[in-house]
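Architecture and fold: a report
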Amino acid sequence: MKDCCAKKYHQNMPFSLKDLTRGSFVLSTLAATVGISAVSMSADRAAWGAIASPASSPASSLAASSTTVIDADIDIFQPLSASPQQLAQATSLWESKEIRGIYMSRYQVTGDTNEETIRSRVRYYKQQGINTIIHGVWGNGCPMYDSEVMNQKFGVTSCPNAFQPEWLDWLIDEAHAQDMQVHAYFEKGIKLDVQSPIFEIAKENGWFVPGVDRTYAPVEQYVLNVENPQVSEFFEQILAEFVTRYPTVDAVQWDDYLGYYEAVSSGVDRTAQLTEFVQKMRNGMKQSNSNVSFDICHHNPYWGARYFAADWERWNADRVFIQAYNDANFNDELGYIEQNEGIAISDNQLHRLPEIINNPNIKSVLIFPTSGDPITAARRVHETIGGR
């Protein structure tokens, strides 16, 4: 999930009652189902944008109306008087989604994170109604596991972060014991920054396309040229090695870092080259382990192809989840979402959950915490659907 997709809002913003009732949660039929009342909202949610963002409700017009200041510490999504039957119905709707996933970065297992911590976290997410853990295993040009491919090519076995070598084995084992899935997330895709352990080698070997990608400021990203045979071979080998090393992982997932942002294209259309690269990487993975799903979490197909050279409809992905982090365009994305495997939203968009889980055409939901705190995000998801 990208920080640029999260909007910033003011605490103690004044709202009229009319503004509140415009919220999608209030309009959702599920609101009546679970007995939720829009009494107030938490400042860390993008409900500000859905109900009365500065763009849609200028401060001047709000000031002219009869307003009340909303306490930023009270949760808008509190089940107030729902019966056990109503709560059960809401839970049933949520559990009908095929994948109910939550993302956590590779840094969640750094330091002294031990086996019991990892296993207990898995059980916690299960209790919150999550059935899929989307965990970072790669980022900035290096894996968060000991890799022989890395060792042979670069003389290092993994990212420089400290982690327990068995962490992913523990995670997968416990998740499967809890009837959950693990999707391995290849964060940052083909992009590196200067902190990458392979940055200097990539630079010396001319592996980057010209320019600097500042799509997600303030970090400056350098994008690998997938037309380079050394780059292409490296990724093919890494992915094949991963699904061989972890044969029971359920899926690997890539996002919009697998793309060339228009601003750094230098007028060169790399769509065909990126498509060929992904197809080869995916086919090599399937030859090594056909049981692992090759998934994409990306922009809608028009946006991806137009602005990221990512014509992912030709990538032969097993499943595609549409990023809908820009809440202002949420309704415009629904058609794409319903035609694919599901939706990816941030924890600033939990006010969207009722309409999402009430929509039978949205098969799966992925939650990406902008806060970097998946534990709290999972609890909030559970509470939003009426959990106790």
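Our subject in this report is the structure included herewith. For clarity, every value in this text was computed on a predicted model and none was experimentally measured.

A few words on helix α6 (residues 84-95). Residues lying three or four places apart along an α-helix face the same way, a consequence of the helix completing one turn every 3.6 residues. When the terminal C-alpha atoms of α6 are compared, their 16 Å separation across twelve residues agrees well with the 16 Å that a helix rising 1.5 Å per residue should span. Along α6, the residues that are buried comprise L87, A90 and W94. Projected down its long axis, α6 carries its buried residues within an arc of 60 degrees, all on one side. Along α6, the residues that are exposed and aim more than 90 degrees away from the buried face are P84 and Q85.

Here the focus is the pattern of salt bridges. Tallied over the full model, the rule gives 20 salt bridges. Of the charged contacts in the structure, one is a salt bridge between K286 and D318, with a shortest N-O distance of 2.8 Å. Residue K286 is located in helix α12 (residues 271-288), and its partner D318 is located in the loop between α13 (301-308) and β11 (319-323); the two are separated by 32 residues in the primary sequence. One network of salt bridges, in which partners are shared, links E115, E116, R119, R123, D173 and E174.

Turning our eyes to something else, we now look at the packing of helix α7 (residues 115-127) against helix α9 (residues 167-177). Two elements in contact, α7 and α9, have axes separated by 9 Å at closest approach and are oriented at 35 degrees. Here α7 and α9 pass one another in a crossing that is right-handed. Residue-level inspection shows E115, I118, R119, V122 and R123 of α7 in contact with α9, the latter providing W167, W170, L171, D173, E174 and A175. In the contact of α7 with α9, the residues fall into six nonpolar, no polar and five charged.

Tallied over the entire structure, the rule returns one disulfide. A disulfide bridge connects C142 with C159, and the sulfur atoms are separated by 2.1 Å. Disulfide C142-C159: torsion about the S-S bond near 100 degrees, hence right-handed. You can see C142 sitting in strand β5 (residues 142-143) and its partner C159 sitting in the loop between α8 (148-154) and α9, a full 17 residues away along the chain. As far as burial versus exposure is concerned, C142 and C159 are alike and both buried.

Assignment of secondary structure puts E241 in helix α11 (residues 229-245). One buried charged residue, E241, forms no salt bridge at all, with the nearest opposite charge on R245 at 8.0 Å. If near-sequence neighbours (up to four positions away) are discounted, E241 is found in contact with Y145, S147, E148 and V149.

Membership of the largest hydrophobic core comes to 86 residues, with the highest contact counts inside it found for F186, I190, F235, F242, V252 and W254. Leaving out residues up to four positions away in the same chain, I190 has contacts with Y222, V223, L224, V226, F235, Y257, L258, G259, Y260, L274 and F277. Counting residues in each nonpolar core, the second largest holds ten residues, with Y103, I134, C297 and Y325 among its members.

Axis separation between α11 and α12 bottoms out at 8 Å; the angle between their running directions is 30 degrees. As summarised for this structure, α11 and α12 are arranged roughly parallel, according to the angle between their axes. Here the hand of the crossing between α11 and α12 comes out right-handed. For the pair α11 and α12, contact is made by S232, F235, E236, L239, A240, V243 and T244 and by F277, K280, M281, G284, M285 and S288, respectively. Class assignment for the residues of the contact of α11 with α12 results in seven nonpolar, four polar and two charged.

What follows covers the pairing of strand β6 (residues 181-186). Within a regular strand, side chains alternate between the sheet's two faces. Of all six residues in β6, five are buried; the element is thus mostly enclosed. Two elements, strand β4 (residues 132-139) and β6, share six bridges in a ladder whose sense is parallel. Residue pairing across strands places W138 opposite F186, the latter belonging to β6.

Moving on to the pairing of strand β13 (residues 364-368). With respect to burial, β13 is a largely interior element, five of its five residues being buried. Residues S364, L366 and F368 line one face of β13 and the alternating positions V365 and I367 line the opposite face, and both faces are buried. Note: strand β3 (residues 99-104) against β13, four bridges, orientation parallel. Its bridge partner lying in β13, I102 is registered against I367.

What counts and what doesn't
Residues numbered from 1 in each chain as written. Predicted model: local features only at pLDDT ≥ 70, side-chain atom pairs only at ≥ 80, totals over all residues. Heavy atoms only, no water. Helix = DSSP H or I, 4+ residues; strand = E, 2+ residues; numbered from the N terminus. Expected span 1.5 Å × (residues − 1). Buried < 20%, exposed > 50% of the residue type's maximum accessible area, 1.4 Å probe, protein only. Arc of directions from axis to C-beta. Salt bridge = Lys/Arg side-chain N within 4 Å of Asp/Glu carboxyl O. Axes fitted to C-alpha atoms, helices over the stretch in contact; angles between N-to-C directions. Left-handed = near helix turned anticlockwise from the far one by under 90°. Contact = heavy atoms within 4.5 Å. Nonpolar A, V, L, I, M, F, W, Y, C, P; charged D, E, K, R; others polar. Disulfide = S-S within 2.5 Å. Lys, Arg positive; Asp, Glu negative; His and termini not counted. Core = buried A, V, L, I, M, F, W, Y, C linked by side-chain atoms within 4.5 Å. Parallel < 35°, antiparallel > 145°, perpendicular 65-115°, else oblique. Pairing = 2+ DSSP bridges.

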